[in-house]
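Structural overview
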Amino acid sequence: LSRMKACGQQTRVMEGGELPGVLVFALEGPHGVCEAHIVELQKHFRLVTMTEFVENKTQFCQKIQAIYIWGGKPAVDWELLQSLPSLKIIANGGVGLDHLDLPLITSLGVTVANTPQAVSDPTADLGMALLLAAARRVLEGCRLAVAPAAEEFCVNWMGQEVTRATLGIVGMGSIGYKIARRATAFEMKILYHNRTRRKLEEEAAVGATYCERLDSLLQQSDFVMLAASLTPQTRGLIGRRELRLMKPTAVLINVSRGLLVDQDALVEALQTGVIGAAALDVTCPEPLPRDHPLLTLKNVTLTPHIGSATHQARWQMMRDMTDSILAALGGRPIPNEVLLP
Ligand SMILES: O=CC(=O)O
């Protein structure tokens with residue numbers, strides 16, 4: 001925002017007199033947004049929370065020009081879209097867009113923007129954290145350390161070595177590629193599967209080998225990292241058959257979306273030793289019901305969808321969303337506009 005003020009963009013947007021109305025889900029959502037963000041946003045917009053909107057639809061619906069959404073909730077559905085005739089842009093906090101009906105939204109002349117740069121580093125960091133935690137059984141070790149049960153400290157309590165192991169990355173977009181860069185520091189052998197092969201120089205920079213066949217990646221990898229977006233093609237990508245192709249010691253890590261995996265098949269594979277362990281930042285649903293088997297299995301490491309949950313990333317996400325909205329309402333090119341393929 002200071003950048004924008006420096007180039008006078010704020011003034012341009014505010015010139016029209018009344019501030020544009022922006023419908024804000026995020027401020028009420030579970031992910032929360034800090035006070036400083038609200039203050040910054042209010043310099044540019046009349047913020048209307050979802051609760052205010054629902055209570056005073058007639059007052060606001062003609063005026064709302066932009067929507068902030070966060071965590072994919074609540075749904076931007078037909079009912080909401082058709083109640084907002086002045087809507088110009090939907091700014092989505094995060095990179096995944098599986099919760100938005102892009103063809104419908106764009107057919108209404110509404111632009112969608114997301115925040116890919118802000119989330120890719122922290123999500124890649126988390127992917128490595130989960131990989132390391134599962135490999136070295138950090139959660140179990142932590143439980144032992146705080147409540148030492150001497151008999152469990154036996155010589156057989158061992159994890160797996162990460163250094164020089166084979167990492168298979170499924171989905172080599174910006175997050176997958178950043179994971180590969182981190183993995184080079186562990187001297188890992190890197191395989192990847194992607195819709196399209198990356199440029200040869202990009203492969204060479206991280207020493208990654210392209211696997212055109214997912215099966216081949218699954219068979220060779222000690223760690224399988226899911227970093228692909230959720231699309232009709234990737235939904236259920238890892239099912240019973242794919243799990244059976246993996247090594248019995250393999251670890252499945254998911255930082256993408258729970259629906260990439262057939263979760264019942266995963267539970268069965270973890271219970272019966274078809275694979276060694278799983279480390280999941282995403283599940284289906286989120287959170288899991290309290291009696292779900294994934295919550296009790298020792299070989300499962302779970303985090304609650306926190307890929308972008310760093311102070312730095314959250315600041316950047318809000319800033320990117322604000323930049324996109326200001327650009328859209330000011331008639332300028334939108335920095336993170338999502339284009340239909
Ligand atoms: O889930 C997080 C994101 O889509 O960035």
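Here is a short report on the structure shown in this document. (Residues numbered from 1 in each chain as written. Predicted model: local features only at pLDDT ≥ 70, side-chain atom pairs only at ≥ 80, totals over all residues. Heavy atoms only, no water.)

What follows is about the pairing of strand β3 (residues 64-70). Taken across its seven residues, β3 has seven buried, putting it largely inside the fold. Pairing between strand β1 (residues 21-24) and β3: four bridges, direction parallel. Across the sheet, the residue bridging to V24 is Y68, located in β3. Note: β3 against strand β4 (residues 89-93), five bridges, orientation parallel. (Buried < 20%, exposed > 50% of the residue type's maximum accessible area, 1.4 Å probe, protein only. Helix = DSSP H or I, 4+ residues; strand = E, 2+ residues; numbered from the N terminus. Pairing = 2+ DSSP bridges.)

Here we come to unusual backbone geometry. Of note, the bond from C284 into P285 is cis; its omega dihedral lies within 30 degrees of zero at 0°. Turning to its location among the elements, P285 is positioned in the loop between β11 (277-280) and β12 (300-302). Going from E286 to P287, the amide bond is cis rather than trans, its omega being -10°. Here P287 is to be found in the loop between β11 and β12. Residue R137 is not a glycine yet carries a positive backbone phi of 50°. Checked against the element boundaries, R137 lands in the loop between α8 (116-135) and α9 (138-146). With phi around 55°, E187 is a residue other than glycine that occupies positive phi space. Mapped onto the fold, E187 is located in the loop between α10 (174-184) and β7 (189-193). Residue E187 is classed as partly exposed on the basis of its relative accessible area, which comes to 48%.

Without other data, these values stay purely geometric and don't point to any function.
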